[in-house]
Structures are given as C-alpha cells and as structure tokens.
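# Observations on the three-dimensional arrangement
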Amino acid sequence: MEIVTLIKRCASLLDRAVEPLVEGAPLTLQELDFLVPLRYEEESVIARRLAEDLGLTQAAVSKALAKLERRGLIERAPNPADRRASLVTITEEGKRLMDSLFPRRLTVEAEMFHALGGARAEVIEALERLAEVMGDHVEKTAGDRRR
C-alpha cells in the first residue's frame, strides 16, 4: 500500500508543478503528453503504439486523439498496411504549441529533480525496476484473463 500511495503522491506533485504551464493553453497536461512522441517522430505513429507507450487503453487514446483532431492539433489517417489501425501525425499548429510549451515543462521538471543530485541514477534504476515488475504483472494477469 505504501508504494501505491507514494506513486500517486509523486504523480500528483508532478502534475501540480507543471499544471501552471497549460493554464490558458488549448490543451491539458495529458494531451500535451500525447503530442510529445508525435512531435519528435519523423513519420506517422500508429495509435496503438501511442497507447502502449503512454500506458493507456486504446479507447482512452482514441478519445483523446479525437479531441486533439477536432482542435486541429493532429491528423489521423487509415493505415494502408492495417485498415483497423490509424496513423497519427502532428499538425503545424500542434508543433507550434508543443514548441512553446514542452521546453518550459522540461525546465520545471529539471528544476524539481535537480535536488536528487547523485541519487538520480538510483531513483531511475528503482523506477525502471518498478515499471518492469508492474508491467510483467499486468501482462501476466491479462494473459490469465484471456484463457
């Protein structure tokens, strides 16, 4: 229980630290997270991959992408290789918005985590291990439910 409480507390504190950056912006923090991988990819991204990378369900990703598409920040097109999948590309407006917000977000995060000093590598290692254990558990339980 204490691990879950700490994870939730850290996530909440991170959101509170960067939330002022999106005040008055036409998107939320979660939507900004969607635009990051799209901004730095040279080619379109499959929506399913976004779901996997962001740790979200395909339904949640589809809903968020629909909102971003309505606001002209992304474009979706059918994947010629797989008609069930869509290819997602950031628009010029989406790039402009990302280029104005994301560097400021990185600055806030760098300032926040600067105090870790030499412990930074240990924290990253522990978080990677935690994500691995949690991912393994999710995969195992999903496989058990499919049987």
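This section reports on the structure supplied with the text. Keep in mind that what you see is a predicted model, and the values were worked out from it rather than measured.

Cut-offs and rules
Residues numbered from 1 in each chain as written. Predicted model: local features only at pLDDT ≥ 70, side-chain atom pairs only at ≥ 80, totals over all residues. Heavy atoms only, no water. Patch = residues over 30% accessible without salt bridge, like charges linked within 9 Å, V, L, I, M, F, W, Y side chains within 5 Å. Areas by Shrake-Rupley, 256 points an atom, 1.4 Å probe, with all protein chains shown as cover. Salt bridge = Lys/Arg side-chain N within 4 Å of Asp/Glu carboxyl O. Helix = DSSP H or I, 4+ residues; strand = E, 2+ residues; numbered from the N terminus. Pairing = 2+ DSSP bridges. Contact = heavy atoms within 4.5 Å. Axes fitted to C-alpha atoms, helices over the stretch in contact; angles between N-to-C directions. Parallel < 35°, antiparallel > 145°, perpendicular 65-115°, else oblique. Left-handed = near helix turned anticlockwise from the far one by under 90°. Nonpolar A, V, L, I, M, F, W, Y, C, P; charged D, E, K, R; others polar. Buried < 20%, exposed > 50% of the residue type's maximum accessible area, 1.4 Å probe, protein only.

Together, Met112, Phe113, Leu116, Val123 and Leu127 make up a nonpolar patch on the protein surface, roughly 370 Å² of accessible area in all. Those elements that place two or more of their residues in the nonpolar patch are α5 (92-113) and α6 (120-146). With respect to the helices, strands and loops of the structure, Phe113 is situated in helix α5.

Spatially, 3 strands are ordered β1-β3-β2 in an open sheet, and the strand pairing comes out antiparallel. The strands lining the two open edges of the sheet, one partner per strand, are β1 (45-46) and β2 (74-79). Bridge analysis of β1 against strand β3 (residues 82-90) gives 2 bridges, and the strand direction is antiparallel. The partner of Ile46 across the bridge, within β3, is Leu87. Against the sheet, helix α2 (residues 29-39) engages β1, β2 and β3, with an angle of about 90 degrees to β3.

With that settled, consider the packing of helix α1 (residues 2-18) against α5. One can describe the packing of α1 onto α5 by two numbers: an axis separation of 10 Å at closest approach and a directional angle of 130 degrees. One finds that α1 runs oblique with respect to α5. Handedness of the crossing formed by α1 with α5: right-handed. Note on element contacts: α5 touches α1 through Arg105, Val108, Glu109, Met112 and Phe113, opposite Leu13, Leu14, Ala17 and Val18. Its residues assigned to classes, the contact of α1 with α5 shows 7 nonpolar, no polar and 2 charged.

It is a general feature of regular strands that their side chains alternate between the two faces of the sheet. Strand direction decides the pairing type here: β2 and β3, joined by 6 bridges, are antiparallel. Each residue of the ladder has a partner; that of Glu75, found in β3, is Thr89. Between β2 and β3, which pair antiparallel in sequence order, lie 2 residues.

Attention shifts here to the side chain of Asn79. Tracing the backbone shows Asn79 in strand β2. Classification of Asn79 by relative accessible area gives buried; the value is 10%. If near-sequence neighbours (up to four positions away) are discounted, Asn79 is found in contact with Ile46, Ala85, Ser86 and Leu87.

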